Amino acid sequence: MRAEDQFHLGIVARDFEATLAEFSSAFGYEWCAEIGGPVPVTLRAGDAVLDMRCVYSRTSPRLEIVRRIPGTLWEPAGGTGIHHAGYWSDDVVADSAELVRHGFVREASRTGPGGTPFAFLRGTTGFLVELVDRAAQPGLEKYWGEGGANA
């Protein structure tokens, strides 16, 4: 992993629509259509299916605004602010293991028939990192370019 693999900052919003409107009004952000739905994940407490929904900005630098999921790690960080930094990964399992060797703790991951598309790990300072399988990059880039503004 390298610093240049960072591709978005994730914000878990207490008020989803107000957060979109604020970034649009203040900074001119345009948004893609909302994506997501029920996602099976493995959390530190065990397996769960969570309704994970978000919107990515069409505007760069790329933001991901995430709907909060009460009682999970998808709550607004410290009440507000940046929730996580997202990085492309060529091998989510190997990169996760490397971060664990550096003291990170695995908070959540998704494993499917095609491998592990994402994982969230918390560093020793408390900051959360999302590793996203680089195989998702072409689809997300198409979505960002064609997603249409909705806010």
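Our subject is the structure that appears above.
What counts as what
- Residues numbered from 1 in each chain as written.
- Predicted model: local features only at pLDDT ≥ 70, side-chain atom pairs only at ≥ 80, totals over all residues.
- Heavy atoms only, no water.
- 1 Å grid on protein atoms, 1.4 Å probe; cavity = no way out; pocket = protein on both sides within 12 Å on 5 of 7 lines; lining within 4 Å.
- Points joined across faces, edges and corners; volume = space filled by probe spheres on them.
- Helix = DSSP H or I, 4+ residues; strand = E, 2+ residues; numbered from the N terminus.
- Nonpolar A, V, L, I, M, F, W, Y, C, P; charged D, E, K, R; others polar.
- Core = buried A, V, L, I, M, F, W, Y, C linked by side-chain atoms within 4.5 Å.
- Buried < 20%, exposed > 50% of the residue type's maximum accessible area, 1.4 Å probe, protein only.
- Contact = heavy atoms within 4.5 Å.
- Pairing = 2+ DSSP bridges.
- Axes fitted to C-alpha atoms, helices over the stretch in contact; angles between N-to-C directions.
- Expected span 1.5 Å × (residues − 1).
- Arc of directions from axis to C-beta.

Novice: Please clarify how the layout of surface pockets should be interpreted in this entry.
Specialist: If a probe the size of a water molecule is rolled over the atoms, the empty space left behind becomes visible. If you add up the space inside the largest pocket, you get close to 480 Å³. What lines the largest pocket is a set of 21 residues, and nearest its centre among them are C54, Y56, E64, F118 and E130. Secondary structure elements with two or more residues in the lining of the largest pocket: strand 2 (35–43), strand 3 (46–56), strand 4 (63–67), strand 7 (115–122) and strand 8 (128–133). The greatest single-element share of the lining of the largest pocket, amounting to 4 residues, is contributed by strand 3. Looking at the lining of the largest pocket residue by residue, the classes come out as 14 nonpolar, 2 polar and 5 charged.

Novice: How should the nonpolar core be read in this particular structure?
Specialist: Side chains that are nonpolar tend, in soluble globular proteins, to be buried together. Formed by 22 residues in total, the largest nonpolar core has its most connected members in F7, M52, Y56, W74, F120, L140 and W144. Broken down by secondary-structure element, the contributors of at least two residues to this core are strand 1 (6–13), strand 2, strand 3, strand 7, strand 8 and helix 3 (137–146). Sort the elements by how many residues they give to this core and strand 3 lands first, with 4 residues. Not counting the four nearest positions on each side in its chain, F7 is found in contact with Y56, R62, G86, Y87, W88, V132, L140 and W144. Core analysis: the next-biggest nonpolar cluster, separate from the first, contains 10 residues, A13, F16, Y29 and V55 among them.

Novice: Sorry, what's going on with the pairing of strand 5 (residues 84–89) here?
Specialist: On a regular strand, each side chain points to the face opposite its neighbour's, so the side chains alternate between the two faces of the sheet. Across the 6 residues of strand 5, 5 count as buried, placing the element largely inside the fold. Strand direction decides the pairing type here: strand 1 and strand 5, joined by 4 bridges, are antiparallel. Looking at the pairing, H8 lines up with G86 of strand 5. Pairing of strand 5 with strand 8, which is carried by 6 bridges, proceeds in the parallel orientation. The residue of strand 8 that forms the bridge with Y87 is L131.

Novice: What exactly am I supposed to notice about the environment of M1 here?
Specialist: Inspection of the secondary structure assignment puts M1 in the segment before strand 1. Remark: the alpha-carbon pair of M1 and L131, spanning 130 residues in sequence, is separated by 9.6 Å. If sequence neighbours within four positions are ignored, M1 has contacts with D95, L99 and L131.

Novice: Is there a simple way to explain the sheet that holds strand 3 in this structure?
Specialist: Each strand in a sheet pairs with another by means of backbone hydrogen bonds, the pair being arranged parallel or else antiparallel. Judged by pairing direction, the barrel is mixed, and its 8 strands sit side by side in the order 1-4-3-2-6-7-8-5 before closing back on the first. Across the sheet, the mean angle from the axis of one strand to that of its neighbour is 35°, orientation sign disregarded. Sheet analysis places strand 2 next to strand 6 (residues 105–112), joined by 2 bridges and oriented antiparallel. Its bridge partner being in strand 6, L43 is matched across the sheet by A108.

Novice: I tried to follow helix 1 (residues 16–27) on my own but got confused; where do I start?
Specialist: One full turn of an α-helix is made of 3.6 residues, so residues set three or four places apart face in the same direction. Compared with an ideal rise of 1.5 Å per residue, which puts 12 residues at 16 Å, helix 1 spans 16 Å between its outermost C-alpha atoms and is within 8% of the ideal. Burial in helix 1 covers these residues: F16, T19, L20, F23 and S24. The buried residues of helix 1 all sit within an arc of 130° when viewed along its axis, so they share a single face. Residues of helix 1 that are exposed and point more than 90 degrees away from the buried face comprise E22, S25 and A26. On its buried face, helix 1 sits against strand 1, strand 3 and strand 4.

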